[in-house]
Amino acid sequence: MKSIFYNAIALLGGWSGLARGYQIETVSFPEGVPVEVGAIEFAATGELYVALRRGDIFVATPKEDPTEFEWRLFASGFHNPCGIHVVSPGHLYIAQMAELTEVIDDDQDGVADRYVALSTEIGLSGNYHETMDLCPDGEGGLYLAPGTASHNGPTFTTTRGEFADSGRLGRNYSSVKWRGWILHWQRGKELEPVSSGYRMPNGIERSPKGEIWCGDNEGDWRASSPVYHVTPDTFAGHPSSLVWDSRFEGIENPLRLPRLLLDDLWNKPAFQLPRNMINSCAEPTFIPEDGALRDFAGQMLMPDQSGERILRLMPEWVDGNYQGAATFFIAGAGLNRGNNRLAFSPEGDALYVGQTGRGWGKLSEGLQRVSFGKQESFEVRRCGLQEDGFEVLFTQALEEVSAITIERYRYSYGYRYGGEEIDKVELSPKVIRKEENVLHLGLSKDELLPNHVYRINLKAVTSEEGQRFDNELVYNLNRLQRPRGEVEATVAVEKGEKAKFRVEVGGELFTEYLTEGFSNPILYPIFNERGQGMTRDWPVTLEGRAGESHDHPHHKSLFIGHEDINGVDFWHDTREGDGRIEHARTIETRGGEGRALIRTFNLWKDAEGEVICSDTREMKFGELDGVRYLDLELNVHASHGELVFAEKKDGVVGLRTHPDLRLTAAPEVGVDEVFGQAENSEGVTGKEVWGKKANWVHYWGEIDGQAGGVAILAHPESAREPTWWHARDYGLVSANPFGPVKEGGDGELTLPEGESLTLRYRFLFHGREKEQIDISKFYAAYCAEPIPPRTVCLAIPEQAPLISTEEETDVIPRGGVIARVNRQVRGQAPSDVVVKSHGLVTGEKIYADRDYRYRKIPEFIVGGDVMVSHNDDKRGDKEANYTVTLGQPGMLYLLVDERLEGKLDWMDREALKFEKTNHRVETDGDFNFLVYEAEADPGEYLLGKQTGASFYTLVAVNRD
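Remember, it's a predicted structure, so these values are computed and weren't measured experimentally.

Definitions and cut-offs
Residues numbered from 1 in each chain as written. Predicted model: local features only at pLDDT ≥ 70, side-chain atom pairs only at ≥ 80, totals over all residues. Heavy atoms only, no water. Core = buried A, V, L, I, M, F, W, Y, C linked by side-chain atoms within 4.5 Å. Buried < 20%, exposed > 50% of the residue type's maximum accessible area, 1.4 Å probe, protein only. Contact = heavy atoms within 4.5 Å. Pairing = 2+ DSSP bridges. Helix = DSSP H or I, 4+ residues; strand = E, 2+ residues; numbered from the N terminus. Axes fitted to C-alpha atoms, helices over the stretch in contact; angles between N-to-C directions. Patch = residues over 30% accessible without salt bridge, like charges linked within 9 Å, V, L, I, M, F, W, Y side chains within 5 Å. Areas by Shrake-Rupley, 256 points an atom, 1.4 Å probe, with all protein chains shown as cover. Salt bridge = Lys/Arg side-chain N within 4 Å of Asp/Glu carboxyl O. Lys, Arg positive; Asp, Glu negative; His and termini not counted. Charge placed at Lys NZ, Arg CZ, Asp CG, Glu CD. Phe/Tyr/Trp six-rings, centres within 6.5 Å; stacked < 30°, edge-to-face > 60°.

Visitor: Tell me about the nonpolar core, residues and numbers included.
Guide: Nonpolar side chains tend to gather and get buried jointly when the protein is soluble and globular. Counting residues in each nonpolar core, the largest one holds 57 residues, and the members touching the most others are F621, L643, F645, Y699, W725, F763 and F765. The contacts of L643, once residues within four sequence positions are left out, are I565, N566, I612, C613, V636, H637, A638, L749, T750 and L751. I204, A236, Y415 and I587 belong to the second largest nonpolar core, which has 31 residues in total.

Visitor: I'd like a rundown of the sheet that holds strand β17 (residues 204-206), residues and numbers included.
Guide: Ordered by their spatial adjacency, 4 strands build an open sheet running β17-β18-β19-β21, and the pairing between neighbours is antiparallel. Across the chains shown, the open sheet's two edge strands, defined by having one partner strand only, are β17 and β21 (271-273). Sheet twist, expressed as the mean angle between neighbouring strand axes with direction ignored, is 20°.

Visitor: Outline unusual backbone geometry, supporting the account with residue identities and numerical values.
Guide: Geometrically, the link from W538 to P539 is a cis peptide bond, its omega value of 5° lying close to zero. Inspection of the secondary structure assignment puts P539 in the loop between β41 (522-526) and β42 (558-562). Omega for the bond connecting G651 with V652 falls within 30 degrees of zero, at -5°, which places this linkage in the cis form. Mapped onto the secondary structure, V652 falls in strand β49 (residues 651-656). Backbone geometry places Q108, a non-glycine residue, at a positive phi of 55°. In this structure, Q108 sits in the loop between β9 (100-104) and β10 (114-119). Q108 sits in the exposed class, given a relative accessible area of 58%. The backbone of N566 sits at a positive phi, close to 55°, despite the residue not being glycine. As for its placement among the helices and strands, N566 is situated in the loop between β42 and β43 (580-590).

Visitor: Before we move on, could you go through a negative patch on the surface and cite the residues and values that matter?
Guide: A contiguous patch of negative charge on the surface is contributed by E399, E435, E436, E464 and E465. Structurally, the position occupied by E399 is in the loop between β30 (389-394) and β31 (405-410).

Visitor: Residues and numbers for the packing of aromatic side chains, please.
Guide: Taken as a whole, this structure holds 37 aromatic pairs when the rule is applied. Taking 5.1 Å as the distance between ring centres and 55° as the angle between the ring planes, the aromatic pair formed by F390 and Y475 counts as tilted. A residue pair is termed long-range when its members are at least 10 positions apart, and F390 in strand β30 and Y475 in strand β37 (residues 474-477) qualify at 85 residues. According to the relative accessible area criterion, F390 is buried, its value standing at 0%.

Laid out in structure tokens, this is it:
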């Protein structure tokens, strides 16, 4: 019997990877059975079912001696099964690559009799990476997590399900339907898409609270290993799967969507686990309430499929979402690599760990059992965020604590594989021992930043028993704790004939955000703190109110639009050809002390329904010094092509005031008496505020006999600030960064494809006399408020104009130059490299050992000779060199990974002097090639080393 016992003496000097009293044992399987564990789960009666990736399912009742398990083959013939749910003994659901399968032992003889294909709706490309896991929904259904395909393997010419060329792009890709999604299966119903944006969700689990959690792997669009709390209609950050989202129909390449759009849609992971703690998240499990680990009940264990580690995660709910701390549960100490699946015994006194490595790292396979004795080690029981720092609860009483340091950092977001920790700052918290086993680590407001990770170094902490804390602790801070004692603000989503969001402040209606029934989403009604309506009723309500003018029917309370974007009018809505803005997705809503929040994704469509652009908008609602406010951040995205915002007076963020706030009467349309006045930040008053630039505009007066007013403030970081104002005497107030130049505006603006434009405004709605409110002070406070740090988004690689060759029959042969290419790798005999004569065309493979393909190629090298190099040659230990022999004079074109900055040293040798061109070659991966050229005569030429920073391939074109 192989087992590993922890040495209790070692604990006194520090943590050695396993808590005192824990024991790790390896469970034996029948001889000859490859124990590549895809999934494990206990039946309620105590039998352990194990699905092996080679296709078999075994079952046994655990024994005290791990070598005496009596395994029985229950079912076989599965295609890489990686998900299992035991409904009852002899009744299973299995997630395999090709389908969701139900397995039933009808005659109860211990062997499966019936295999039922429950769902084959998920596409299958043939790529080895497209595994699938499952978990129960608690109501008889299942959640499914199918992974994307990898560039390391091919896509078959015949696939199952819908195939999308645009989904084939990138390092990990979703060329067939529903890859990279979380889906909900219910018997007798079609699969329901739940959440998109996953790279490799190798593990999905339902918590005791009924919440769904999913891990993902470091890779492209994954700077570290994330863990997600899965909620409906969310996006987890990997864009390949968006090709199966109808709201992104028409997008040629989802990898090139505006980075700000992707970041706004991205439901940030509850945990971003650093590389020194984990490399590949697998399937999490939750610590049971009544087991041996009850001190950690409700927390999550996350195995590392690429390492000898299991982490313990401590999720906590902060401002409407999960985040939290992570520490090691086991690190080494006899635990194998390849930790893929976890299952607690029904009694909660042992944890079973299923392991596999094939295709996902170094070979490791097996089943191990971790048994728990009395918990005596010195650990962090819980770590939580406070308004002014962190509170850490330990399992033992503390001695006096010396200096503690915290390292703050964050990750970038983008197409590259993995990412470094950036913007590192060392912090020195104020340490207070609140109780015998509780530390408070105080930090200032400037030191606590959202969207950062905090590595808390507790190595200076010892227990009263003399044990030193020698574990790791990190806290993933997405959101700050809300200040207490502020006015409550809430958002409620109401579905009916017209979907709307109801916003209340202090228990009273502030406004409703109406997403249906009009040509664009609007806010109506809007009430100040005294309950006065602040905007015109007509035409939102057809009857309107007495004394209202029925002009400009497109002025619907508070609205967004522009008169001319790419020739489409999004300001007016009653004329043929006018565009529409459609609410496409609710990204999130939040409420609580201090403010409510709504974030949405919207599509701007022309009269024929073609999408011109999109926006993401965030609206915050609350009360400041007794005055109600709305903060708007509007991000307009050139998601569907270049945008031209024409020079027009009508735009962009408009509000039509209550008729009493008009500056001039209009008896001819029934407006006999008005009480409004206006002023801007520059001291301009009355109707002269129109066409002027200013930081803010304020309309005030009497509304239904009582004082009231509205002000719109433009943030200094809003585009084209100070803003040009389309503020009329009849009550329209709008901020327009594209106002006519002849009227003092900034005029037309062109937004290149893939970029975004950000506008920020604050609306104040008050019930005060002019002398009782100082708008300039409100503006100064608005400017002083810190903007939460945005994610650092990697830029879209710059693209030169390229010509795509789709049909090989149209290719002009331009090669016949390269006679031979020889490859020399350290420790290996020289070998010839494949050279495709006249073979450089779109769709061809770039490397012999990867499935990346050429996507767009400059026309002058299409049809040239191309060397099919080896991607693995970039590994420095290979020291790979290529020698090229030319049989004819020609032009050599070196294709060098664009992520390399500057020339390679060997490119300026006497024999060949390569010069940079203005051209690029685009691939279907997360990289492109810069093109360098050199003229060459017949002969033999030695090219430089391949390394990770200088990867290249070679093309040759004849001189004719």
